[in-house]
Amino acid sequence: MQTLRKQTIISTLYILLGFGFGAINIYFYTKNGSFTAEQFGLTKIYFDFSQLAYAFASLGFLPVIYKFYPYYNDNLDKKKNDLLSIAFVICMIGFLLFCIVGYLIKPYFIKQYIVRSKLIVDYFPLLFVFSFGALIFAILESYCWAIHKSVVSNFLKETALRFLSLILILFFYFKFFSFDIFIHLFSYQFFLIFSILIGYLIYIKRIDLYFGISRVTKKFWKKMLSMQALLFSGAIIVTLSNVIDGFVIAKLLGLGAVGTFGVAQYAGSLINVPQKSIIGGSVGILSQHWKDKNFSEINRIYQRSCINLSLMALFIFGNIWLNVVPCIELFNIQDGYKAALSTLFFIGIARTIDASTGLNSIIIGTSTFWRFDFISGMILLAIRLPASWFFIVKFGILGSAFADVISIIIYNFIRFEYLRRKFKMQPFNLKNLYAIILAIVCYFFTYYLCISVNGFTGIILRGLIFSSTLIVGIFTLNLTPDAWQLWNKWVVRK
């Protein structure tokens, strides 16, 4: 648990730094006289499209890396480990197939988006360039999770990538080059951080590409193939449910609405920062615990993750919602983006619920019962696709947030029930409820105390009061043992 906590804290700090760069990026994307909403919307479509490419082109193999890596690591010399080589070969074949499908559906794709989202059509080939860079980086990222080096991959993906984007954004903002040059350079960002990551792994001597067939592969290939087949289907299902909103909005409402939705989605994604950190650090650890049948430790990680991620999500969401309107007014954001406020609120609710259920997805995914990922994913897709279309048609971008809340609640309830019935793992107690009540009380206390304080001073004051009262409440109510353990380690010992 100490190793997981350390990796989580360091990764969270890096990801928060990255989101700091991301906030600056959003500012220049949305500031009056900067990018149009359509241009910003195109950058969001890039990331949505790359997720689709990852789901299809990886052919479901990347989760196999961190699931089976302990068996390769325990039974093979590192120079005979062929797991990473297999991953590269499979993903290259998968991406080639993805490109062929993309070429075949291009006329239909153009027909769908040429009227309301012409920029997607104009830069259609670059979507594949960006996606290929994201895919090859994802291969090494999964490998880093398996070897407990997630801090480095998290830094590159969450911090360095956003810093690179910031440089490009500033060059465009100050008219050093056109949007056409900007979007071309934007398409190649992942290639740079991939090069840095592979250089790091070579430097620490943790990467070997062995193109023979190892005895571990010969022993487990049937199980790996079976897992890969279901994970492939599950990954497509989950990815479609995650990115469908952007493409539906682009078709029905146009790229400008995608840009507005992207602002709300970005702010909501801040809530998932700690969850991203702990996932990267926990994958290898949980895989090893499942292999060793250490169920008590898995249950402990599950319980701690629920309360800790809940507290961190409430902390971030409270700060965002207290200051989002003052920030829009203070930083001269384009008026059109104010339409994202109600969407942001419901996205924030959905992300907080998702974080509060802890590591249920990773616990199931690293167990021998990972087939349930496919089943729950099918249920999620069956709910999300029709709900997104119906609510977006009826309520615009706000409808996407409604669909998000409904699907997240049902999806996580199913996973919670599965772990409770199958493994007798039930991570919640009264402290989870106290955490929600505490956050609500701290929010309204801060809101009414600072209701007449405006400008930058108000933003700082609201953040300080809400954060400090929530932290004091966490210690006073002893909501998580990790709080006092960190205090004793970092404060008392000093």
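A. The overall build of the protein chain, seen in detail. Across its full length, the protein chain carries 20 helices and zero strands. Its C-alpha radius of gyration of 22 Å places the protein chain within 12% of the 23 Å reference for a compact globule of 494 residues. Across its three principal directions, the C-alpha atoms of the protein chain cover 70 × 60 × 45 Å. The long-range fraction of contacts in the protein chain, counting pairs at least 24 apart against all pairs at least 6 apart in sequence, stands at 85%. Approximately 21,800 Å² of the protein chain is accessible, and the part contributed by carbon and sulfur atoms is 69%. Here the protein chain carries 44 positive and 20 negative side-chain charges, and the mean point of each set is 6 Å from the other.

B. Just the pattern of salt bridges, in detail. Tallied over the full model, the rule gives 11 salt bridges. Of the charged contacts in the structure, one is a salt bridge between Arg162 and Glu158, with a shortest N-O distance of 2.8 Å. Of this pair, Arg162 and Glu158 both sit in helix α7 (residues 150-173), four residues apart, which is roughly one turn of that helix. Its relative accessible area of 17% is what places Arg162 among the buried residues. The shortest N-O distance in the salt bridge between Arg384 and Asp404 comes to 3.3 Å. Note that Arg384 is positioned in helix α16 (residues 371-395) and Asp404 in helix α17 (residues 397-423), a separation of 20 residues in sequence. Using a relative accessible area of 5% as the deciding quantity, one classes Asp404 as buried. In this structure, a network of salt bridges that share partners links the residues Asp245, Arg351, Arg384 and Asp404.

C. Here's a closer look at the nonpolar core. Counting residues in hydrophobic clusters, the biggest one holds 128 residues, and the most contacted among them are Tyr46, Phe61, Ile120, Phe182 and Ile183. The biggest single contributor to this core is helix α6 (residues 124-146), with 16 residues. Among the nonpolar cores identified, the runner-up in size contains 14 residues, and Leu311, Cys442, Ile474 and Leu479 belong to it.

D. Summary view of the side chain of Ser407. When you line up the elements, Ser407 lands in helix α17. One polar contact links the side chain of Ser407 to the main-chain carbonyl oxygen of Ala403, over a distance of 2.9 Å. Among residues more than four places away in sequence, those in contact with Ser407 are Leu380, Ile383 and Arg384.

E. Inspection of the packing of aromatic side chains at higher detail. Under the definition given, this model contains 50 aromatic pairs. Judged by centre distance (5.3 Å) and plane angle (70 degrees), the rings of Tyr46 and Phe130 are edge-to-face. Of the two residues, Tyr46 sits in helix α2 (residues 37-57) while Phe130 sits in helix α6, which places them 84 residues apart along the sequence. Taken as a pair, Tyr46 and Phe130 share a single burial class, namely buried. Taking the centre distance of 6.0 Å and the plane angle of 45 degrees together, the rings of Phe172 and Phe182 count as tilted. Taken as a pair, Phe172 in helix α7 and Phe182 in helix α8 (residues 179-186) lie far apart in primary sequence, 10 residues in all. Here Phe172 matches Phe182 in class, with each residue buried. Above the ring of Phe395, the side-chain terminus of Lys394 is found at 5.9 Å from the ring centroid.

F. Just a nonpolar patch on the surface, in detail. On the surface, Val89, Ile93, Leu96, Leu97, Ile100, Val101, Tyr103, Leu104, Ile105, Tyr108, Leu209 and Phe211 cluster together into a nonpolar patch covering about 1,300 Å² of accessible area. Checked against the element boundaries, Leu97 lands in helix α4 (residues 83-113). The exposure class assigned to Leu97 is partly exposed, which follows from its relative accessible area of 46%.

G. Highlighting the confidence of the model for the protein chain. Residue-level pLDDT values for the protein chain average 85, and 92% of them are 70 or greater. Model confidence for the protein chain, summarised as mean pLDDT per element, is weakest for helix α20 (residues 481-492) at 70 and strongest for α8 at 96.

H. A look at the packing of α2 against helix α11 (residues 255-269). Packing of α2 against α11 leaves a shortest axis separation of 7 Å and a crossing angle of 65 degrees. As for how α2 packs across α11, the hand of that crossing is left-handed. Judged by residue contacts, Ala37, Glu38, Phe40, Gly41, Leu42, Lys44 and Ile45 of α2 engage Leu255, Gly256, Val258, Gly259, Phe261, Gly262, Val263 and Gln265 from α11. Tallied by class, residues from the contact of α2 with α11 come to eight nonpolar, five polar and two charged.

I. Examining the packing of helix α13 (residues 295-330) against helix α19 (residues 455-476) more closely. At a closest axis distance of 9 Å, the pairing of α13 and α19 adopts a crossing angle of 170 degrees. In terms of orientation, α13 and α19 fall into the roughly antiparallel class. Across the interface between the two elements, Leu311, Leu314, Phe315, Gly318, Asn319, Leu322, Asn323, Pro326, Cys327 and Leu330 of α13 pack against Gly455, Phe456, Gly458, Ile459, Arg462, Gly463, Phe466, Ser467, Leu470, Ile471 and Ile474 of α19. Of the residues that constitute the contact of α13 with α19, the class distribution is 13 nonpolar, seven polar and one charged.

J. Here's a closer look at the side chain of Thr480. Considering the arrangement of structural elements, one finds Thr480 in the loop between α19 and α20. Given a relative accessible area of 4%, Thr480 falls into the buried group. Side chain to side chain, Thr480 and Asn308 meet in a polar contact 2.6 Å long. Each residue touching Thr480, except ones within four places of it in the same chain, is listed here: Ile307, Asn308, Leu311 and Ile474.

K. View of the state of the cysteines. A full pass over the atoms with the stated rule returns zero disulfides. Unpaired in this structure, Cys327 has its nearest cysteine sulfur neighbour in Cys450, at a distance of 14 Å. On the basis of relative accessibility, which here comes to 25%, the residue Cys327 falls in the partly exposed class.

What counts and what doesn't
Residues numbered from 1 in each chain as written. Predicted model: local features only at pLDDT ≥ 70, side-chain atom pairs only at ≥ 80, totals over all residues. Heavy atoms only, no water. Helix = DSSP H or I, 4+ residues; strand = E, 2+ residues; numbered from the N terminus. Rg over C-alpha atoms; globule rule 2.2 N^0.38 Å. Contact = heavy atoms within 4.5 Å. Areas by Shrake-Rupley, 256 points an atom, 1.4 Å probe, with all protein chains shown as cover. Lys, Arg positive; Asp, Glu negative; His and termini not counted. Charge placed at Lys NZ, Arg CZ, Asp CG, Glu CD. Salt bridge = Lys/Arg side-chain N within 4 Å of Asp/Glu carboxyl O. Buried < 20%, exposed > 50% of the residue type's maximum accessible area, 1.4 Å probe, protein only. Core = buried A, V, L, I, M, F, W, Y, C linked by side-chain atoms within 4.5 Å. Polar contact = N/O pair within 3.5 Å; in protein donor to acceptor, adjacent residues only side chain to side chain. Phe/Tyr/Trp six-rings, centres within 6.5 Å; stacked < 30°, edge-to-face > 60°. Lys NZ or Arg CZ within 6 Å of the ring centre and 35° of its normal. Patch = residues over 30% accessible without salt bridge, like charges linked within 9 Å, V, L, I, M, F, W, Y side chains within 5 Å. pLDDT = per-residue confidence, 0-100. Axes fitted to C-alpha atoms, helices over the stretch in contact; angles between N-to-C directions. Left-handed = near helix turned anticlockwise from the far one by under 90°. Nonpolar A, V, L, I, M, F, W, Y, C, P; charged D, E, K, R; others polar. Parallel < 35°, antiparallel > 145°, perpendicular 65-115°, else oblique. Disulfide = S-S within 2.5 Å.

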